[in-house]
Amino acid sequence: MDSSNSTSKVNANRLFYASCFALITTAFSFAIAAGILDQLKTELELSASQAGLITSMWFLGFPIAMVIGGLIYHKVGGKVIMQFAFFAHAVGILLLIFSGSYMGLLIANLLIGLGNGCTEAACNPMIADAYKGNRMSTMLNRFHMWFPGGIAVGSLLSGFMTDFGIIGQSQVWLLLIPAVIYAFLFYGQTWPKAKIEEAATISGNLKGMFTPLFLFIGICMALTAISEFGPNQWVGLILSKSGAEPTLILALTAGLMAVARFFGGSMVAKFNQTGVLLGSAVLATLGIYLFSTQTGAMAYVAAVIFALGVAYFWPNMIGLAATKTPKTGALGMSIIGAIGMFSSSIFQPIIGGWIDADRATAKAQGFTGDELELISGQETLGTMVLFPAILIILFTILYFWLKNKESNVEVATA
């Protein structure tokens, strides 16, 4: 796994499968650790704000590890970053199982978040370096399908374990299975070298990042992340009052996103990255609009359209940074991912504030009970339509910007 080895010794497929199991560990931690939080809150007599701080540690560790991992990727290599990821995952998981204290749970979630961030920091550039052209887009999409796919599988397994009386921290043992598998698959492997020499230096990365195109991609990433994670966090809460089954909505969304990402490479080959992102923004806008206006069975239709809209956002934004600003290298991809996570954490309390304000308005109008929750929630979802709607404009600009750039390159090389 020494980066000085020749790329002919790189077993790209084994590295890819190892990456997938590492991302499944991330997804399981999201699905299962979040699922047992309510029970731990009761057992340890935690306040809502304490439980919220425990959850926030997961989101805090993620971008910290992504940025640091991106900075050191070409210095220490992906091997070392994934060794730390396994250490952080293993210690975090064991702490989550055996810790009976508030401080222990805070540290556990922070460590798991760091392990998750290291996975993104190491695996995204590895896939970008191991594969070329449209094959790279295909594999990035198939790697990222395991986040929603892992959440869907993890949620189902958690449900089965609950049915069999395996509850709370006992479920966390499940996280160790994909963690041990990825450690075994990564063991002794050679990692691919950077395709472009400048991509392997921090100065080259920074030069590539301080460009109008990369900064524009960063703005788009902030909006794509909140378009995906914003509604996903609140839809269940809101739709539970509309006659739809929230867990089914979330499972349907996650499952469809995974399937869509499996075929992501074909979509990029047909419509190119910006074309796919523009189409995704249109579908996401329509999906969130339907969530804000429909109830009952139509909520499932909204979920299908929303899932197909947001499915291609994350992997293709990472892919866009890799292909259109290649000099930014591993650091560029990590910064783009970190922008997405920071955006999600910043906007969540803002969205919560919108819900509180819309609830107060609906209450003043005389609504009560489930009707109050549904009307105020749908009003907030109506505001959230702004995020993907702005993206339609930005991706249209980006589409013509890149088309013009490619035309200029063709003229210059003619």
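Rules used throughout
Residues numbered from 1 in each chain as written. Predicted model: local features only at pLDDT ≥ 70, side-chain atom pairs only at ≥ 80, totals over all residues. Heavy atoms only, no water. Helix = DSSP H or I, 4+ residues; strand = E, 2+ residues; numbered from the N terminus. Rg over C-alpha atoms; globule rule 2.2 N^0.38 Å. Buried < 20%, exposed > 50% of the residue type's maximum accessible area, 1.4 Å probe, protein only. Contact = heavy atoms within 4.5 Å. 1 Å grid on protein atoms, 1.4 Å probe; cavity = no way out; pocket = protein on both sides within 12 Å on 5 of 7 lines; lining within 4 Å. Points joined across faces, edges and corners; volume = space filled by probe spheres on them. Nonpolar A, V, L, I, M, F, W, Y, C, P; charged D, E, K, R; others polar. Polar contact = N/O pair within 3.5 Å; in protein donor to acceptor, adjacent residues only side chain to side chain. Arc of directions from axis to C-beta. Axes fitted to C-alpha atoms, helices over the stretch in contact; angles between N-to-C directions. Parallel < 35°, antiparallel > 145°, perpendicular 65-115°, else oblique. Core = buried A, V, L, I, M, F, W, Y, C linked by side-chain atoms within 4.5 Å. Phe/Tyr/Trp six-rings, centres within 6.5 Å; stacked < 30°, edge-to-face > 60°. Lys NZ or Arg CZ within 6 Å of the ring centre and 35° of its normal.

### Notes on the overall build of the protein
And step 1. Summing up its helical and strand segments, the protein has 16 helices and 0 strands in all.
And step 2. Taking 22 Å as the expected radius of gyration for a compact globule of 414 residues, we find that the protein reaches 21 Å, a close match to that expectation.
And step 3. By principal-axis analysis of the C-alpha atoms, the protein measures approximately 70 × 50 × 30 Å.
And step 4. The burial tally for the protein puts 53% of its 414 residues in the buried class.
And step 5. Look at the contacts in the protein between residues 6 or more apart in sequence, and 85% of them connect residues 24 or more apart.

### Here's the deal with empty space enclosed by the protein
And step 1. Summed over all chains, the structure comprises 1 cavity of 30 Å³ or more.
And step 2. Size it by volume and the largest cavity reaches roughly 110 Å³.
And step 3. Every residue along the wall of the largest cavity is listed here: L23, T26, F62, E120, H144, F147, E228, F229, R261, W314 and M341.
And step 4. Breaking the lining of the largest cavity down by element, the ones donating at least two residues are α1 (12-43) and α9 (212-239).
And step 5. Of the residues contributing to the lining of the largest cavity, the split by class is 6 nonpolar, 2 polar and 3 charged.

### Focus on the side chain of S292
And step 1. Mapped onto the fold, S292 is located in helix α11 (residues 264-293).
And step 2. The class for S292 is buried, based on a relative accessible area of 11%.
And step 3. A polar contact is formed between the side chain of S292 and the backbone oxygen of Y289, at a distance of 2.6 Å.
And step 4. What S292 contacts, discounting residues up to four positions off in sequence, is Q378, L381 and G382.

### Considerations on helix α8 (residues 202-209)
And step 1. Along α8, the residues that are buried comprise G204, N205, G208 and M209. Looking straight down α8, one finds its buried side chains confined to an arc of 135 degrees; they lie on one side. Opposite the packed face of α8, turned more than 90 degrees from it, sit the exposed residues S203 and K207.

### Considerations on the packing of α8 against helix α14 (residues 329-364)
A pair of packed helices is captured by two measures, namely the crossing angle of their axes and the spacing between those axes.
And step 1. Across the interface, α8 lies against α14 with an axial gap of 8 Å and an inter-helix angle of 50 degrees. Accordingly, the angle class assigned to the pair α8 and α14 is oblique. Across the interface between the two elements, N205, L206 and M209 of α8 pack against G329, L331, G332 and I335 of α14.
And step 2. Looking at the contact of α8 with α14 residue by residue, the classes come out as 4 nonpolar, 3 polar and no charged.

### Examining the environment of F62
And step 1. Of note, F62 is situated in helix α2 (residues 48-76).
And step 2. Linking F62 and K363, residues 301 residues apart in sequence, is a C-alpha distance of 38 Å.
And step 3. Discounting residues that sit within four places of it in the chain, F62 has contacts with T26, G113, L114, N116, G117, E120 and M341.

### As for the nonpolar core
And step 1. In terms of nonpolar packing, the biggest core is built from 117 residues, with M82 and F395 touching the most fellow members.
And step 2. It is α1 that provides the largest number of residues to this core, a total of 14 residues.
And step 3. Filtering out sequence-adjacent residues up to four positions away, M82 remains in contact with A22, C118, T119, A122, C123, Y182, F186 and W191.

### Considering the packing of aromatic side chains
And step 1. For the structure shown, the criterion picks out 17 aromatic pairs.
And step 2. Arranged with centres 5.1 Å apart and planes meeting at 85 degrees, the rings of F262 and F263 form a pair that is edge-to-face.
And step 3. Residue class for F262 comes out partly exposed when judged on its relative accessible area of 33%.
And step 4. Three or more aromatic residues link up through ring pairs in this structure, and these residues are F30, W58, F62 and F147.
And step 5. Directly above the ring of F184 sits R14, whose terminal nitrogen or CZ lies 5.4 Å from the centroid.
And step 6. Above the face of the F262 ring, R142 is positioned so that its terminal group lies 4.0 Å from the ring centre.

Function-wise, these values are silent; they only describe arrangement.
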